[in-house]
Structures are given as structure tokens and as C-alpha cells.
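# Close look at the chain arrangement
Each chain is listed here by its residues.
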Amino acid sequence: MNNRLIIFDTTLRDGEQSPGASMTREEKVRIARQLEKLRVDVIEAGFAAASQGDFEAIRAIATAVREPVVCSLARANDRDLSRAAEALEPAARKRIHTFIATSPLHMQVKLRMSPEQVLEQAKLAIRFARNFTDDIEFSPEDGSRSEEDFLCRVLENVIAEGATTINFPDTVGYAVPELYGETIRRLRERIPNSDKAVWSVHCHNDLGLAVANSLAGVMIGGARQVECTINGLGERAGNTALEEVVMALRTRGGYFNLECGIDTTQIVPASKMVSQITGFAVQPNKAVVGANAFAHASGIHQDGILKARETYEIMRAEDVGWTANKIVLGKLSGRNAFKQRLQELGIELDSEAEINAAFTRFKELADRKAEIFDEDIMALVSGEEAAAGGEHYRLVSLAQRSETGELPFATVVFSIDGVEHSAVATGDGPVDAMVNAIESKAQSGAELVLFSINGISPGTQSQGEVTMRLAHSGRIVNGVGADPDIVVASAKAYLAGLNKLHSKIEKLNPQV
Ligand SMILES: CC(=O)SCCNC(=O)CCNC(=O)[C@H](O)C(C)(C)COP(=O)(O)OP(=O)(O)OC[C@H]1O[C@@H](n2cnc3c(N)ncnc32)[C@H](O)[C@@H]1OP(=O)(O)O
Ligand SMILES: CC(C)C(=O)C(=O)O
């Protein structure tokens, strides 16, 4: 049996069916170009009959990409099929993907059609689609809840009409791996002309089994196309995650013995692009593309990784597009990881005793602070950690007002060495007003060189974590502050940065 697995990406069609993930035409074209770089075989670009916008997006993608097959979904009716064909006209290689539900529930309640009518409509759809292309995919929607005898009849007939790919969807994520794989295997055995089509899997993640079901469809069922999306985006709980299937294949090559054309180094860029465009954050512990997928926080693991990466990593971060793996220093880290980081930072301590003393201070700091950054370590070894954590400046309260058309202003009450000051200032925005207010009293001379904000948890009620990088007289420090109010988080970050700058200046010049 052929060992080439076709990767059919449906981020732009099923992925866009995630509530809240809709994309503009330009955004879809950007993603399609990235999918081409990733070297997917097929891009399902949308559902041409859904709207004029979707039609135009498919057309723009069909024009923009040359290598992958570009595909449009269409219901089993002439209007949808004609729209799909029209949208795909500019494509170098095109596919029409048509579908109709075959489960008793969907036929009776949703389509209000008898099985015979569904069978007839499926055949007519393939016959009509053949006017436009020879590359035709057919999906019996809700396949995993359909009756097998009826599926055999429908699929045999659509293949006879000219369908070249048979996709077996687990539309509602009801399947379990072994049964799903076995069903595909039996269908292929029972349908006399089954080898005239490529068999495909399309799984949803309602039970968290989409990837497992897809792989079972391939290994047990003999499917040679996997439909998947970047980050597992998709209707409800999502679809099969492309990155997980591809890396399972690459990592367990001896077991799967299958090849695909994906350039895995483009996986993380694709993941980041989809996340940024849709606004769907990738959970940190997501396989392959999560921020923690190659991060190590505990001492025993860090020690192992430093001795040989393979002790705790089954893939190389660089192979999927990360710049490197990450040793995260914190309270669970050990001496070896700490020493390694000192070396990377170019810090040479004179003796083991000094390293041990610094390590003890590091552990004390780590008990107070979730993640230890490089600058914390630099402060720590230069004896500044007490001052770094100390508070020359402290926020007492903040009020700010901003209104469309009005200049925002902020009132900040903060203390300098225990003495309270109140300052009011305006600015281009509320954060700028807050900084101006603090600076009107602190007069630090610091320059803000970077401002970034992250939601610590999803939702508008989440904490914002602000990082402000301040520079002064060649010194650069990061101040970090978190608060549900992002202006307050910014004020905390700014004052934390000033504290660090102050501690450095004070060390050089104790009378300050
Ligand atoms: C499992 C999947 O992911 S399937 C893809 C799901 N994606 C989408 O639905 C996104 C795009 N959809 C849309 O924009 C719209 O639903 C459209 C344009 C397709 C149809 O819109 P409308 O004509 O207003 O119909 P509406 O969505 O309300 O209902 C769907 C109709 O299609 C029929 N239908 C559903 N599937 C099929 C099919 N595969 N073939 C033929 N007809 C079908 C339904 O029975 C229903 O018909 P009815 O109006 O006679 O009751
Ligand atoms: C159209 C089909 C393939 C689909 O998206 C599903 O059944 O989930």
C-alpha cells in the first residue's frame, strides 16, 4: 500500500467555523501563503456559496497559491457546486468537496429526505461537479453515526460517478479510535470499487480524540488523507491538529512508516499566524506549538536536558520552528541548570562556594517569584537582589480618565522612600498620562524602550501582565506588573522598573 499521506488543511473552512474565528479575505490569503510554505497538499479555502466574502476569499487564494490544490466545500446541489467551480477558476489545481449527510438522524430531521433521495442527490452532485473538475471529494456527513450498509451503497455509487477522494467524517466527534479505524477498513473491503478513490479522515475533537481517531483511520483503516487544521482550530472543540499528526508521523516514523511533504520548520510560524489572526490563543501546554512544549522547569529534567536533550525531549524545538528549547528557572530548578544559565550569561563566579551561595539566594528569590529572568540572576549575583525586590518607589493608588475626543489624564499616588506623593498629568493615552504623572515627581530620566502586555488568562476579566523595559545611562531593566486593570498593571511595571534602576544606581553611588 502507498505510504504517502496527503495533508488536507481545512483551517480556512472548518477552522473558520469556530465561533469567533472569522477571517477577512486578506487574512485568509496570508494564512494560505503560509500553508503553501508549510507544504500542505490541499488547502480547503472556504465554502464558496456561503457568502460573497467567502467566494472572493477562495478566488483570491486560488490566484495567490500555486503549489497546493485549492478546494471549496459545497452542498450537494447545483447552485453550491457552480459557485465553488466559479470561485476556483483561477486555481492551478482545484478540487470540489461536496457532502451530504447519511446518518438516519440527519436525513430524517435535518434534510427531511429519505435515504433513496440522499443517494440520488449524492450521485447527481458528483455528476454535476465533473463538469468542472476531475478532482472531486465526497463526504457522507455524520459518517460515524451512519448505517454501514447504506454507507456502502452511497460510497460505491459516488465512486462510480467519479468521486476521487472519499472522506469519512466523524462530524460530531463521537468516534473512538479502534472502531473508527475498523469501520473504514470494513467499508474499503466491502465496497468493490473502493480502490478507485483515496480514503480520507476528518475528525472532530468533542471527546479529545480527533488526532487518535485520525491516526487509527490511517493505520487500521488504510486512509491516506488526513483533514486537519492548524492548532486544531475548528467547529466546537475543534478538528484534528495538523502539527500533532505530522509530528507523530515524523517522531514515530518506524511505527507509521508513512511520509508527508510538510516542512515542519514552518509549523510554529503557521501556528502563531493563525492564533494572531483569529485571536484564539494557543494554550501553553498544547502539544508541539504551545509555549511550554519545549520548556523545562524542574531541576531533574533540566539536568537531564543539559546532559542530553533526548532525556526529556522526543522532538527538537528547532525542527518545528521554535528557535530553541527553553530552560525556565524557578523554584524547582537545580544547581546544574543554574550554573548553565550563569555560563550563558557570561557570569563567572570564582569558586564553588560562591556558586552555592548564589544558588541559595536564587532559591530564596524563586520562592517569592514564579519565574526568574536573566536580569534577576544578574542582579542576584551582583548582590542586588534585595534591592531589586525592594521598594524605593511604591504605588499607593491610581485614578485615570479617558474619553473619546478628550485628552486622557491620570492621578497617581506613590511613595518614594516611604514619603507619599500625588501627581496629575495628561498624556496621549492613559498609560502615557500615568508615566508622565510619575515622572513629574520621580524625574528618573529613564527611557521607556519596550512596552508589552499579555492576558494571563483568557477573557476580559483576566489579569493583564505588563512588561516595561526601561533604559538609563546604558543600563536596561525590565519591570513587570500584573493587575486586572491594565493601567494599574502598567504603573506597577513602571515603578518596578524604576526600583531596579534605582537599586543599580544606588549600588554604584551609595549616597543616592
Ligand atoms: C459538517 C459541516 O461542517 S458542514 C459545513 C458547515 N458550514 C456552514 O454551514 C457554513 C456555511 N453555511 C452557510 O453560509 C449557509 O448555511 C448556507 C449558505 C450554506 C445555506 O444557507 P440557507 O440557504 O439560508 O440555509 P440554512 O443554513 O438555514 O439551512 C441549510 C439548508 O441546507 C440543507 N442542506 C444541509 N446540508 C446539505 C447538503 N449537504 N446538501 C444539500 N442540502 C443540504 C438543509 O437541509 C437546509 O435546507 P432547508 O433550507 O430546505 O431546510
Ligand atoms: C463537510 C464535512 C467534511 C465536515 O466538515 C464534517 O462532517 O465535520
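Residues numbered from 1 in each chain as written. Chains lettered and ligands numbered in written order. Predicted model: local features only at pLDDT ≥ 70, side-chain atom pairs only at ≥ 80, totals over all residues.

### Thoughts on the confidence of the model for the protein
Mean pLDDT over the protein works out to 91, with 94% of the residues at or above the 70 mark. Low confidence marks residues 384–389, where pLDDT is under 50. Its contacts with residues over four positions away, or in another chain, come to 15 contacts. Overall fold confidence (pTM) sits at 0.78, and the ipTM for the predicted complex is 0.98. (pLDDT = per-residue confidence, 0-100. Contact = placed C-beta atoms within 7 Å.)

### A look at the UniProt feature "domain: Pyruvate carboxyltransferase" (unreviewed entry) in the protein
In this structure's numbering, the residues bearing the UniProt feature "domain: Pyruvate carboxyltransferase" (unreviewed entry) are residues 5–268. Annotation note: span residues 5–268, helix share 44%, strand share 18%, distance between end C-alpha atoms 21 Å. (UniProt positions renumbered as here; feature names shortened; annotations may be inferred. Helix = DSSP H or I, 4+ residues; strand = E, 2+ residues; numbered from the N terminus.)

### Here we look at the site of ligand 1
In the region of ligand 1, 15 residues are neighbours, and Phe47, Ala50, Arg75, Ala76 and Ile100 sit closest. Residue composition of the shell around ligand 1, grouped by class: seven nonpolar, three polar and five charged. (Near = placed C-beta within 6 Å. Nonpolar A, V, L, I, M, F, W, Y, C, P; charged D, E, K, R; others polar.)

### Digging into the packing of helix H1 (residues 25–38) against helix H2 (residues 52–64)
Angle between the axes and distance between the axes are the two parameters that describe a pair of packed helices. Relative to each other, H1 and H2 sit at 35°, their axes nearing to 9 Å. Crossing angle aside, the handedness with which H1 passes H2 is right-handed. Counting all contacts with H1, which are made through Arg25, Lys28, Val29, Ala32 and Arg33, the residues of H2 involved are Gly53, Glu56, Ala57, Ala60, Ile61 and Ala64. Taken together, the residues of the contact of H1 with H2 break down into six nonpolar, one polar and four charged. (Axes fitted to C-alpha atoms, helices over the stretch in contact; angles between N-to-C directions. Left-handed = near helix turned anticlockwise from the far one by under 90°.)

### Re the sheet that holds strand E13 (residues 419–426)
Taken in spatial order, the three strands line up as E11-E12-E13 in an open sheet, and their pairing is antiparallel. On the outer flanks of this sheet lie strand E11 (393–401) and E13, each paired with one strand and no other. When strand polarity is set aside, the average angle formed by the axes of neighbouring strands in this sheet is 15°. Strand contacts of helix H17 (residues 430–442): E11, strand E12 (409–416) and E13, with the helix running at about 135° to E13, the strand carrying the most contacts. (Pairing = 2+ DSSP bridges.)

### Examining the UniProt feature "binding site: Mn(2+)" (unreviewed entry) in the protein
Under the UniProt annotation, the feature "binding site: Mn(2+)" (unreviewed entry) is placed at Asp14, His202, His204 and Asn239. The named residues occupy 226 residues along the chain; their greatest pairwise C-alpha distance, 10.2 Å, places them in one compact cluster. In this fold, His202 is placed in strand E7 (residues 198–203). Here His202 falls in the buried class, since 32 other C-beta atoms lie within 10 Å of it. The contact partners of His202, leaving out residues within four places of it in the chain, are Ser139, Asn167, Pro169 and Glu227. The residue Asn239 is located in the loop between strand E8 (225–228) and helix H9 (242–251) in this model. Not counting residues up to four positions away in its chain, the partners in contact with Asn239 are Thr10, Asp14, Gly15, Cys203, His204, Asn205, Ala210, Cys228, Thr229, Gly232, Leu233 and Gly234. (Buried ≥ 20, exposed ≤ 12 C-beta atoms within 10 Å, placed from the backbone.)

### A few points about the site of ligand 2
Around ligand 2 lies a shell formed by Asp14, Leu73, Phe99, Ser139, Glu141, Asn167, Pro169, Thr171, His202 and His204. Looking at the shell around ligand 2, the elements with two or more residues in it are strand E5 (136–141) and strand E6 (165–170). Taken together, the residues of the shell around ligand 2 sort by class into three nonpolar, five polar and two charged.

### Quick look at H17
For H17, with 13 residues, the first-to-last C-alpha span of 18 Å sits near the 18 Å given by 1.5 Å per residue. Positioned one or two residues after H17, Gln443 has a phi angle of 45°, which is positive. (Expected span 1.5 Å × (residues − 1).)

### Quick notes on the sheet that holds strand E1 (residues 6–9)
The sheet built from eight strands closes into a barrel, its strands ordered E1-E2-E3-E4-E5-E6-E7-E8 with parallel pairing. For this sheet, the mean inter-axis angle between neighbouring strands, taken without regard to orientation, is 25°. The pairing of E7 with E8 spans three bridges and is classified as parallel. Bridge pairing links Ser200 to Gln225 in E8.

### Some points on the nonpolar core
Counting 95 residues, the largest nonpolar core has Ile7, Ile43, Val70 and Val245 as the members making the most contacts within it. Core analysis: the next-biggest nonpolar cluster, separate from the first, contains 28 residues, Met434, Val435, Val487 and Tyr494 among them. (Core = buried A, V, L, I, M, F, W, Y, C linked by C-beta atoms within 7 Å.)

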